[in-house]
Amino acid sequence: MDTLQDSFILQPPVFHPVIPYVTTIFGGLYAGKMVMVQGAVPHEADRFQIDFQCGCSLWPRPDIAIHFNPRFHTSKPHVVCNTLHGGQWLQEARWPGLGLQRGASFLLLFLFEREEVKVSVNGQHFLHYTYRLPLPHVDTLGIFGDIMVKAVGFLNSNPFVASRPDYPIGHPLLLKNPRLQVPFSCLLPHGLGSGQVIIVRGLVCQEPKEFTLSLQADTVHDPVGLRADFRDRTLAWTAQRGQEKRLGPPFLFHPQRFFEVLLLAEEGRCRLAMNGIALGEFNPGSLGLQQPLELQIRGSVELYSVQC
C-alpha cells in the first residue's frame, strides 16, 4: 500500500480507554486532520495532559510537539501549552478562563492547520498554538492525568471549506446507539439546501460486501447516491434508472477501519469527499434536492455518527 493512500486510512475510534493511554496516530498528523476527545473531568481533578508526541519510547523521552495541559488545582484554573524538544521544555504559553470544569463532561477538538493547532472546547474556539516542531514528525497521542475519556476519534476537516474562517464543530461519536442501527434512515423534510452538509462516520465490518448511501424522494423516483462494492473494490455514483458512474482510485474503504463520507449540496448538485479527499460531484437529475428526501444507509458498516 502506498504512503499517500495509507495517510488517509482513518483508524477506528477508541472508547473508554484506560488512562494513561498512548496510541499510534495512523498516517501521522497533517493539515486538515482533527483529533476529538470526549470525556469528563473528575470532581477532585488537579490536572491532565494530552500530548502529541514524536514517537512513543519511554527512554529517551520523545519530543512532544504539542503539550495541552489543563490545570485545576490553582486559584485561577488555566491551560498550559508547551513543546518538549531534546529533553528540554521550551517557553510555555498560558490561557486563562478555562472552559473545562471539575465534574463536567467535555468535547475537545484539535484541528491541525499548516502553521498552528486550533482547540475548541464544547464547540467554542478556545486557543491556537503555533507549531515549534514539524507537524509531520508527530505520530503518537498520549493522554495522562486526572481525566475520564469516553471516546477518542481521528477525523478530517471538510475539504470544501478549507479557505473559510468557519471553525469546525465536533459531533460526538456514539457507541452502539440504537438510533444508528443499519439499515439506517433519516428524513430530510426540507431536502438539501445549497451549502447543507451530510457527514456519515462509521466502521467497516470485518468481512464487508457492500455499502450504500442514498437519497430517495418517493417510490416513483429511484434512489441516487453512493455505492461501494468491497468485492471488486469499486466506488460509484448511482443515478436514476440504475445507471452508475464509477469513481477512480484509491478505494478508501477498508475492513475494520473508520471512514467519513461527506456530501455537500451545492446549486442542484452534490459534491463528495471521502476521508478528507474530494472525489468529485454528481447531478441528482430529476430527483431534485429541494423536495423532502430520505437518507438511507445500508450495508456492511457500523455507524458512529450521522450529521444531516
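You'll find the protein entered in an unreviewed UniProt entry as Galectin, with Ornithorhynchus anatinus given as the organism.

### Considering the pattern of salt bridges
Within this structure, the stated rule accounts for 14 salt bridges. For the salt bridge of Arg227 with Asp229, the shortest nitrogen-to-oxygen distance reads 3.4 Å. Taken together, the shared-partner salt bridges in this structure form one network comprising Glu210, Arg227, Asp229, Arg231 and Glu244.

### Things to note about the environment of Asn283
Along the chain, the position of Asn283 falls in the loop between strand 22 (277–282) and strand 23 (293–299). Accessibility expressed as a relative area gives 56% for Asn283, which makes it exposed. Spatially, the C-alpha atoms of Asn283 and Gly268 are 6.9 Å apart, while their sequence positions differ by 15 residues.

### Comments concerning the sheet that holds strand 16 (residues 210–216)
On the basis of which strands lie adjacent, the open sheet formed by 6 strands has the order 14-23-16-17-18-19 and antiparallel pairing. The open sheet has two free edges, formed respectively by strand 14 (184–188) and strand 19 (244–247), since each of these has just one partner strand. Pairwise comparison of adjacent strand axes, ignoring direction, gives a mean angle of 15 degrees for this sheet. The sheet contact formed by strand 16 and strand 17 (residues 224–229) spans 6 bridges and is antiparallel. If you follow Leu213 over to strand 17, its bridge partner there is Leu226.

### Focus on the nonpolar core
Ranked by size, the top nonpolar core spans 41 residues in total, and within it Ile50, Phe52, Leu108, Phe110 and Phe112 carry the most contacts. Ranked by residues supplied to this core, first place goes to strand 9 (residues 105–112) with 4 residues. Each residue touching Leu108, except ones within four places of it in the same chain, is listed here: Val35, Met36, Val37, Phe48, Ile50, Phe68, Leu100, Val119, Ser120 and Val121. Counting residues in hydrophobic clusters, the runner-up holds 36 residues, among them Val224, Leu226, Phe230 and Phe253.

### Some details on the environment of Leu111
Along the chain, the position of Leu111 falls in strand 9. Among the residues examined, Leu111 registers a relative accessible area of 6% and is labelled buried.

### So, the domain arrangement of the protein
Accessible area lost when the parts come together is the quantity often used to give the size of an interface. Domain annotation for the protein reports domain 1 (6–156) and domain 2 (178–307). Here domain 1 and domain 2 have C-alpha centroids that lie 32 Å from each other. Taken together, the 12 residues of domain 1 in the interface contact 11 residues of domain 2. With both sides pooled, the region where domain 1 packs onto domain 2 buries about 990 Å², and carbon together with sulfur makes up 70% of that total. In this assembly, domain 1 and domain 2 are joined by 0 salt bridges. Counting across the interface, domain 1 meets domain 2 through 3 residue pairs in polar contact (both at pLDDT 80 or more).

### Focus on the UniProt feature "domain: Galectin" (unreviewed entry) in the protein
Per the UniProt annotation, the sites labelled "domain: Galectin" (unreviewed entry) are residues 21–155 and 184–308. Taken end to end, residues 21–155 has its terminal C-alpha atoms 19 Å apart, with 0% of it in helix and 56% in strand.

### Some words on the packing of aromatic side chains
Counting across every chain of the model gives 14 aromatic pairs. With a centroid separation of 6.2 Å and 10 degrees between ring planes, the pair formed by Phe48 and Phe106 is classed as stacked. Residue Phe48 is located in strand 4 (residues 48–54), and its partner Phe106 is located in strand 9; the two are separated by 58 residues in the primary sequence. Members of the aromatic cluster, each reached through a chain of ring pairs, are Phe211, Phe230, Phe251, Phe253 and Phe259.

### Structural notes on the sheet that holds strand 1 (residues 14–15)
The 6 strands lie next to each other as 1-13-3-9-10-11, forming an open sheet whose pairing is antiparallel. The two strands at the open ends of the sheet, each matched to only one other strand, are strand 1 and strand 11 (124–130). For strand 3 (residues 33–40) and strand 9, the ladder comprises 7 bridges, and the chain directions are antiparallel. The partner of Met36 across the bridge, within strand 9, is Leu109.

### Quick notes on the environment of Ala45
Counting through the fold element by element, Ala45 comes out in the loop between strand 3 and strand 4. Considering only alpha carbons, one finds Ala45 and Glu244, 199 residues apart in sequence, at a separation of 55 Å. Once residues lying within four places of it in the same chain are set aside, the contact partners of Ala45 are Phe72, Arg102 and Asp146.

### Quick look at unusual backbone geometry
Between Ile19 and Pro20 the backbone carries a cis peptide bond, its omega angle lying at 5 degrees. Among the secondary structure elements, Pro20 is positioned in the loop between strand 1 and strand 2 (21–24). Along the chain, Val182 connects to Pro183 via a cis peptide bond; the corresponding omega equals 5 degrees. Summarising the element assignment, Pro183 is placed in the loop between strand 13 (148–156) and strand 14. Located in the positive-phi region is Asn122, a residue other than glycine, with phi close to 55 degrees. Along the chain, the position of Asn122 falls in the loop between strand 10 (116–121) and strand 11. The phi dihedral of Lys176 is positive, around 55 degrees, even though this residue is not glycine. Given a relative accessible area of 58%, Lys176 falls into the exposed group.

Cut-offs applied
- Residues numbered from 1 in each chain as written.
- Predicted model: local features only at pLDDT ≥ 70, side-chain atom pairs only at ≥ 80, totals over all residues.
- Heavy atoms only, no water.
- Salt bridge = Lys/Arg side-chain N within 4 Å of Asp/Glu carboxyl O.
- Helix = DSSP H or I, 4+ residues; strand = E, 2+ residues; numbered from the N terminus.
- Buried < 20%, exposed > 50% of the residue type's maximum accessible area, 1.4 Å probe, protein only.
- Pairing = 2+ DSSP bridges.
- Axes fitted to C-alpha atoms, helices over the stretch in contact; angles between N-to-C directions.
- Core = buried A, V, L, I, M, F, W, Y, C linked by side-chain atoms within 4.5 Å.
- Contact = heavy atoms within 4.5 Å.
- Domains from an automatic or database assignment.
- Buried area = accessible area lost by both parts, 1.4 Å probe.
- Polar contact = N/O pair within 3.5 Å; in protein donor to acceptor, adjacent residues only side chain to side chain.
- UniProt positions renumbered as here; feature names shortened; annotations may be inferred.
- Phe/Tyr/Trp six-rings, centres within 6.5 Å; stacked < 30°, edge-to-face > 60°.

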